[in-house]
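Summary of the model geometry
Here is what each chain is made of, one letter per residue.
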Amino acid sequence: MGSPWKPFLLLSIISGLSDFARAVAARPISYAAVLRMKPDSSSVLNSRSRPRQHHSGGLGTPDWPAFSSHPLSALSLLGSQEDYRSEDLRTFSGKTRGGVSVREGQGVVLMCAPPPHSPEIIYSWVFNEFPSFVAEDSRRFISQETGNLYISKVQPSDVGSYICLVKNTATNARVLSPPTPLTLKTDGVMGEYEPKIEVHFPTSVLAAKGVTVRLECFALGNPVPTITWRKINGNIPKKARLRKSQAVLEIPNIQLEDSGTYECKAENPRGGTAFKGHLQVYTLPQWVRMINDTQMDSGEKLQWECKATGRPRPTYRWLRNGLPLTSQGRVEILNGEVTIHKVQQADSGMYQCVAENKYGAIYSNAELKILASAPVFVHNPVRVIATLGKDVSLECKPRASPKPRITWKRGDRRIQLSRRIMLLRNNTLRIVNSSRADEGNYVCRAENQLGSAEMTAVLWVKDAMRVELSPSRVEVTVGESVVLSCKATHDTSLDVAFQWFFNQRPINFQQDGVHFEYIQTQSSTVDLMIRSILLKHAGKYGCRAQTSADTVLAEAELLVRGPPGPPGVVIVEEISDTTATLSWSRGLDNHSPISTYNLQARSPFSLGWQTVKTDPDPVTGDMESAMAVELNPWVEYEFRVVASNAIGTGDPSAPSRGVRTKEAVPSVAPANVSGGNGRRHELVISWEPVSEEFQNGEGFGYIVAFRANGTRGWKEKMVTSADSTTYKYRDETFPPLTPFEVKVGVYNNKGDGPFSRVVIIHSAEGEPREAPTDVKAQSISSSEIRVTWKPPNPGPGRPRGYEVSYWKDMEQEESGQKQRTVRNETSMVLTGLEGNSLYLITVKGFNSIGQGPATAAVTAKTRKAPPAHPPSNLMWIQEGNNVSLSWDPVKAKDNESDVIGYMVLLKQEGRGHNQVTRTINPSTMLSLPEGGTYIIEVRALSEGGEGAVSSQVRLVTSSGVRAKSNQCSVHRLPQSLTWTALLLVLLVPSASW
């Protein structure tokens, strides 16, 4: 049987071959409609678009998705990109593509055949209609190299129409291929066959350092093959990522060490196949050493070297003024080195060193200048002042090119050289052990082929300067001040300048003005004031005096006495349960002997560092070890040491490493042992827990011991939790409030510790045993019932309060409500009840232990509700400050309480005092105080409580003015808000109502 690949692969190639060779600028409108795209979505890149560069060119960006199998140089690559700018993305040919028909289980390749385009494109495939895109998985793969769609094993769900979509990532322009139909043959199903790699990277891949490399590998086969990758003779870089079901190996930021041979392998149960390709990483040249501008005298030798790295290794060539420079005559060139012997004026110019490999070139530029001038002296004459008995140098440094010939004269005679008068190689005339006889004019003559010049040096010899700094050694204590005086003895014809130094560094009086002050006392004397001296000011102080002839430095030493410095490293030599042996090294005594050491400790339980007791006590200054005593067992400590002397106490040492003291039997008993409460037949014992600081070891717990008062044997119970604070003991045999002797002890893994002192604790009295008596319930209103009772007989289980339960007749007790008294009150008013309803009520006592029995239920019926209709038709007659008020009587309904009277409320606006008047009649007389605005309200009274309130009556009286005796007014409230108020003014004789 022949290979199964030939039939279906041939179908795919034939259907797309003709389209692959053509690209015309016509796209059917129907394809745009399928994608529902804008009409201009197929627009191409404009001339300003920036094309992305190919990886193999070495200048590409990391996100370019594919590699060319033909490496391009940088120049040819740029040229090819320029060709594409006018046609970055054309449209597909509008010719209909032929269908592809395969058996189920076969593999198939659908050709994209993209039109000419720039490199900045990505491929995708539309299945049947937009926006249904083909999803890539282990069975389907879209190559970003060719744009083709590869289906490893065709399934019935793959049948449909396929359109290749090409997108320009720079402009988002998109073009579509004509659809390619895929159908299934009906002559059977394809059997299993071994994989065949249909997509793979080139056998040789060239990539620039730093880019992202994508290697594609996909195979057709049945069952669907699995793709694996490996690097021959090495490991795949850790930064590499597998994409698209392992069909793409992506290596970001590729480096030289990533070069090598990579293999992809496709396998299924029928077999396997592999492909290998070599990845080569290159780099452009980079400079290691460059040439620099140079000035030389004619006749000298020039040597330049340039050096670069790159892969492949770069070669070198030289240019002068843009023209090639080769080895000939005085010029020698060897790789990156050039040598020119006896340079001349004609050698001046611009030089370039070029380092290049096949991927690029770099340039290093430098200018060479050949100098030519007659000798010239910048300073002439020169005044030189020397010190008697010291050496003196007379320099001769003319500007000249080429180098001139130098001669020295004194007067008209050439100087005769000797052991005392020497001419150095730099043409400097040196006179050893100068004397007064050496004073005079010295002439230096410089001459070359371009001319000559002379310079005169006038030499004066002066007496040596002497500098005295006093005191030369001084001791002070921290905080004191001192003055150092510097006096210079010198030739009076010379000016002298002073400078102060501290430990060989100049003193900055602006920055250190707090402690240092410069004081000029005389022209040849200066003082240094040092105030508020610190330990850091100890050291050597220098005074430098300088004239044009001489420089002299005098020094003095300042010793500063102060508290000791910190001792050295503290080491814990030995540790026990309550002691720690420490050692340390001496610190600086700062010129005052150390008298004592203080040992300090810190633990998680201490407030910072605390001084500890020591053995011996005290720890004298000549000791470097001591024992810290009276520590707590099983506690982690850090230690430090502080030294003291006659000046004061110094800084502490660095802390020691943390150490834990050893375990010991507990030594601290629990405090505040007490108890009581609890349920019936319970003995509750409580205490304050012992702090972890005093538990002295692991396995810490409590021993609770108790016995009934008057008995001999103790009962002991272990409480294993170190945080426990309570123990409860229950015994049905002992009665309530039985007195017990109680003590609480401690223990740990090392043994038992002490007990607390014995205290008397009573057992719980229990919950109340008897119910309250003589319970009575009486209705107060339609919503309130007063309940009263008497407490039960005295005895154990005394109530601490009472709970009243109440519920309506015909309801379950569980659905009722409960209220508790605040203390031992024996009455309660139940509120919020329904009117004209029968309630059942019980009372029970309670305390902290629980509740007692409830009383038998008593009943009480709330009264009918008060009248809902308010008093109406209010009328009043006001005569001065007297008001006669009347209203229509209120009649109660059948379900309301009968009216037994009325309540009239008189209140003044802006004041809190109210006046209440009760009457059985529907009228009353009110007396108003002088001045103000008053409000009157009326309510009906009934056994069920107060009825609804009437409308308000507002009255106004004038302050200090009474109404005339012969005037009165009659008023009536409107029956509705739409009525107009009626005011009648009656003129009647003044009379009493």
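Residues numbered from 1 in each chain as written. Predicted model: local features only at pLDDT ≥ 70, side-chain atom pairs only at ≥ 80, totals over all residues. Heavy atoms only, no water.

**Here's the deal with the overall build of the protein chain**
- Helix and strand counts for the protein chain stand at three helices and 79 strands.
- Accessible area of the protein chain: about 52400 Å², with a carbon and sulfur share of 49%. (Helix = DSSP H or I, 4+ residues; strand = E, 2+ residues; numbered from the N terminus. Areas by Shrake-Rupley, 256 points an atom, 1.4 Å probe, with all protein chains shown as cover.)

**So, the environment of Ser585**
- Counting through the fold element by element, Ser585 comes out in the loop between strand 46 (580–583) and strand 47 (594–602).
- Under the relative-accessibility criterion, Ser585 is labelled partly exposed at 35%.
- Residues Ser585 and Val569, spaced 16 residues apart in sequence, show a C-alpha to C-alpha distance of 6.5 Å.
- If we skip the residues at most four places from it in the chain, Ser585 touches Pro567, Gly568, Val569 and Glu624. (Buried < 20%, exposed > 50% of the residue type's maximum accessible area, 1.4 Å probe, protein only. Contact = heavy atoms within 4.5 Å.)

**What to know about the pattern of salt bridges**
- Within the structure shown, the criterion is met by 35 salt bridges.
- In this structure, the salt-bridge partner of Arg139 is Asp158, at a minimum N-O distance of 2.5 Å. In this pair, Arg139 is assigned in the loop between strand 3 (121–127) and strand 4 (140–142) and Asp158 in the loop between strand 5 (149–151) and strand 6 (160–168), connecting sequence segments 19 residues apart. Each member of the pair Arg139 and Asp158 is classed as buried.
- The shortest N-O distance in the salt bridge between Arg289 and Glu305 comes to 2.9 Å. Highlighted residues: Arg289 in strand 16 (residues 271–289) and Glu305 in strand 18 (residues 302–305), separated in sequence by 16 residues.
- Taken together, the salt bridges that share partners define one network made up of Arg405, Arg445, Glu447 and Glu454. (Salt bridge = Lys/Arg side-chain N within 4 Å of Asp/Glu carboxyl O.)

**Structural notes on the nonpolar core**
- One finds Trp500, Ile530, Tyr541 and Leu558 to be the most contacted residues of the largest nonpolar core, which totals 27 residues.
- Going through the elements one at a time, strand 36 (466–470), strand 37 (473–477), strand 38 (482–489), strand 39 (497–502), strand 42 (525–530), strand 43 (539–546) and strand 44 (551–561) are the ones with two or more residues in this core.
- It is strand 44 that contributes the most residues to this core, five residues altogether.
- Membership of the second largest hydrophobic core comes to 25 residues, among which are Leu206, Ala207, Leu249 and Ile251. (Core = buried A, V, L, I, M, F, W, Y, C linked by side-chain atoms within 4.5 Å.)

**Remarks on the packing of aromatic side chains**
- Going through the model one piece at a time under the given rule, you end up with 21 aromatic pairs.
- An angle of 25° between the planes, with centres 5.9 Å apart, marks the rings of Phe201 and Trp229 as stacked. Here Phe201, found in the loop between strand 9 (193–200) and strand 10 (204–208), pairs with Trp229, found in strand 12 (residues 226–231); they are 28 residues apart in sequence, far enough to count as distant.
- Given the relative accessible area of 4%, Phe201 is considered buried. (Phe/Tyr/Trp six-rings, centres within 6.5 Å; stacked < 30°, edge-to-face > 60°.)

**A word on the state of the cysteines**
- Enumeration over the complete set of coordinates arrives at five disulfides.
- Two residues, Cys112 and Cys164, share a disulfide whose sulfurs are 2.0 Å apart. Around the S-S axis, the bridge from Cys112 to Cys164 shows a dihedral of about -75° and counts as left-handed. Taken together, the residues span a long stretch of sequence, with Cys112 in the loop between strand 2 (108–110) and strand 3 and Cys164 in strand 6 at a distance of 52 residues.
- Between the sulfur of Cys396 and that of Cys444 lies a disulfide, 1.7 Å long from S to S. The disulfide joining Cys396 to Cys444 has a torsion of about -60° about its S-S bond and is therefore left-handed. Remark: Cys444 occurs in strand 34 (residues 440–448) and Cys396 occurs in the loop between strand 28 (392–394) and strand 29 (399–401); sequence separation between them is 48 residues.
- Taking relative accessible area as the criterion, Cys396 reaches 2% and is therefore assigned buried.
- By relative accessible area, Cys444 is classed as buried at 0%.
- Bonded cysteines in the protein chain are paired 1-2, 3-4, 5-6, 7-8, 9-10 when counted in the order they occur along the chain. (Disulfide = S-S within 2.5 Å.)

**Some thoughts on the sheet that holds strand 46**
- In spatial order, the strands read 45-46-51-49; together these four strands make up an open sheet with antiparallel pairing. Looking along the sheet, the strands with just one partner apiece sit at the ends: strand 45 (571–575) and strand 49 (613–615). The mean inter-strand angle of the sheet, taken between neighbouring strand axes irrespective of direction, is 35°.
- Pairing geometry for strand 49 and strand 51 (residues 625–629), over three bridges, is antiparallel. Its bridge partner lying in strand 51, Lys613 is registered against Val629. (Pairing = 2+ DSSP bridges. Axes fitted to C-alpha atoms, helices over the stretch in contact; angles between N-to-C directions.)

**Some remarks on the side chain of Gln695**
- In this structure, Gln695 sits in the loop between strand 55 (682–688) and strand 56 (701–708).
- For Gln695, a relative accessible area of 11% gives the class buried.
- Once you skip the residues sitting within four places of it in the chain, Gln695 turns out to touch Pro666, Val690, Phe700, Ala722 and Asn748.

**Observations concerning unusual backbone geometry**
- Here the residue pair Asn380 and Pro381 is connected by a cis peptide bond, since its omega of -5° sits within 30 degrees of zero.
- Omega for the bond connecting Ser470 with Pro471 falls within 30 degrees of zero, at -10°, which places this linkage in the cis form.
- Inspection of the secondary structure puts Pro471 in the loop between strand 36 and strand 37.
- Positive phi, normally seen in glycine, also occurs at Asn427, with a value near 75°.

**As for a nonpolar patch on the surface**
- Residues Val478, Leu534 and Leu535 make up a contiguous nonpolar surface patch of roughly 190 Å² in combined accessible area.
- Residue placement: Leu534 occurs in the loop between strand 42 and strand 43. (Patch = residues over 30% accessible without salt bridge, like charges linked within 9 Å, V, L, I, M, F, W, Y side chains within 5 Å.)

**Describing the pairing of strand 58 (residues 726–730)**
- Only one face of strand 58 is buried: it carries Tyr727 and Tyr729, and the other face, with Thr726, Lys728 and Arg730, is open.
- As judged from the five bridges shared by strand 55 and strand 58, these two strands associate in the antiparallel manner. Looking at the pairing, Ser686 lines up with Thr726 of strand 58.

**Some points on the sheet that holds strand 25 (residues 360–371)**
- Read across the open sheet, the five strands follow the order 17-25-24-20-21; overall the sheet is mixed. In this open sheet, the two edge strands, each paired with only one partner strand, are strand 17 (294–297) and strand 21 (323–325). Sheet twist, expressed as the average angle between the axes of neighbouring strands with direction ignored, equals 35°.
- Bridge count for strand 20 (residues 315–320) against strand 24 (residues 349–357) is six bridges, and the pairing is antiparallel. From the neighbouring strand, Arg320 faces strand 24, where its bridge partner is Tyr351.

**A look at the pairing of strand 62 (residues 773–779)**
- Relative to strand 63 (residues 785–790), strand 62 is paired through five bridges, and the arrangement is antiparallel. Pairing of Gln778 across the sheet is with Arg786, part of strand 63.
- In sequence, strand 62 turns back onto strand 63 through a hairpin of five residues.

**Section: the side chain of Ser93**
- Tracing the backbone through its elements, the reader meets Ser93 in the loop between helix 3 (74–84) and strand 1 (100–104).
- Side-chain polar atoms of Ser93 contact the backbone nitrogen of Lys95, separated by 3.2 Å. (Polar contact = N/O pair within 3.5 Å; in protein donor to acceptor, adjacent residues only side chain to side chain.)

**Points about the environment of Glu480**
- Take Glu480: it is sitting in the loop between strand 37 and strand 38.
- For Glu480, a relative accessible area of 37% gives the class partly exposed.
- Remark: the alpha-carbon pair of Glu480 and Leu534, spanning 54 residues in sequence, is separated by 8.5 Å.
- Apart from residues no more than four positions distant in its own chain, Glu480 is found in contact with Ile530, Arg531, Ser532 and Ile533.

**Examining the environment of Ile151**
- Looking at where Ile151 falls in the secondary structure, it is placed in strand 5.
- Take Ile151: its relative accessible area is 0%, and that puts it in the buried class.
- In this structure the C-alpha to C-alpha distance between Ile151 and Arg139, which are 12 residues apart in sequence, comes to 5.8 Å.
- If near-sequence neighbours (up to four positions away) are discounted, Ile151 is found in contact with Gly107, Val108, Arg139, Arg140, Asp158, Tyr162, Leu182 and Leu220.

Purely geometric stuff here, so don't read any function into it on its own.
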